[in-house]
Every structure is written in C-alpha cells, then in structure tokens.
Amino acid sequence: QTQATLLYEDNLACVAMSENPVRRKFSRHIDIRKYFVRELVLAGFLKLVPLRTHKMVADALTKSLPSPAFIGHRQIMTGHTPFAARLLRCVGG
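First, a word on scope: everything that follows refers to the structure included in this document. Since we're looking at a predicted model, the values are computed, not measured.

**Thoughts on the overall build of the protein**
For the protein, the helix and strand inventory stands at five helices and two strands. Counting helices and strands in the order they occur from the N terminus, the protein gives β-α-α-β-α-α-α. With 93 residues in all, the protein has 20% of them scored as buried. Residue pairs in contact within the protein that sit at least 24 positions apart in sequence constitute 56% of those at least 6 positions apart.

Listed below in structure tokens is the structure:
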C-alpha cells in the first residue's frame, strides 16, 4: 500500500481521537481494544477524513432519508454520479 486508505467520518470527535493519542475525561469510557483505528492511523495505513453528515452516502443504507437525499445517494452507489464529483461540489458549502 503506497498511501493511507481514506475513511470518511462525520463525527469530528472521532477524527480528532484517531489522530491525537491524548486521553480526555470524556473518552475514558472507550475500551482500550477500540484503539485499533488509532493504531492504523498512526502507522499510516488509514486516514479519517471529515465529511459532513448530509454527504455520507452510506446514510441511504442506515437511515430514513428525504426522497431527494436518497435519490442522490442512490445515484452515487449505482455509479451514475461519481463520488469525487460530489465532493468537489460541496467544497464551497
């Protein structure tokens, strides 16, 4: 593997915890076995990338969405709209 695999995440706290090994009082409930992702990030195999919740394509599989959002996600999952093009459109807002 020449570069880290990108994993899109809508939880900014999760992204921060994956990159910063400092334990905070709010993260004390997390079991030590759950640090596997942090180890992969530190080793350079994985990179968590922040992505707004409404841009998460997997939401179509896990949530009840309004019709326009579902149709947009379905277009990406079926290959009718490239995911990268969708990301470029959301950079400005």
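**Remarks on the side chain of serine 18**
For serine 18, the position within the fold is in helix H1 (residues 12-19). Residue classification places serine 18 among the buried positions, given a relative accessible area of 4%. Polar contacts involving the side chain of serine 18 include one to the main-chain carbonyl oxygen of valine 15, which spans 2.7 Å. Leave out the neighbours within four places in its chain, and serine 18 touches Val37, Arg38, Val41 and Leu48.

**Considerations on the environment of proline 50**
Looking at where proline 50 falls in the secondary structure, it is placed in strand E2 (residues 46-50). Residues proline 50 and asparagine 11, 39 residues apart in the sequence, show an inter-C-alpha distance of 7.3 Å. Setting aside anything within four residues of it in sequence, one finds proline 50 in contact with Glu9, Leu12 and Val15.

Parameters and conventions
Residues numbered from 1 in each chain as written. Predicted model: local features only at pLDDT ≥ 70, side-chain atom pairs only at ≥ 80, totals over all residues. Heavy atoms only, no water. Helix = DSSP H or I, 4+ residues; strand = E, 2+ residues; numbered from the N terminus. Buried < 20%, exposed > 50% of the residue type's maximum accessible area, 1.4 Å probe, protein only. Contact = heavy atoms within 4.5 Å. Polar contact = N/O pair within 3.5 Å; in protein donor to acceptor, adjacent residues only side chain to side chain.

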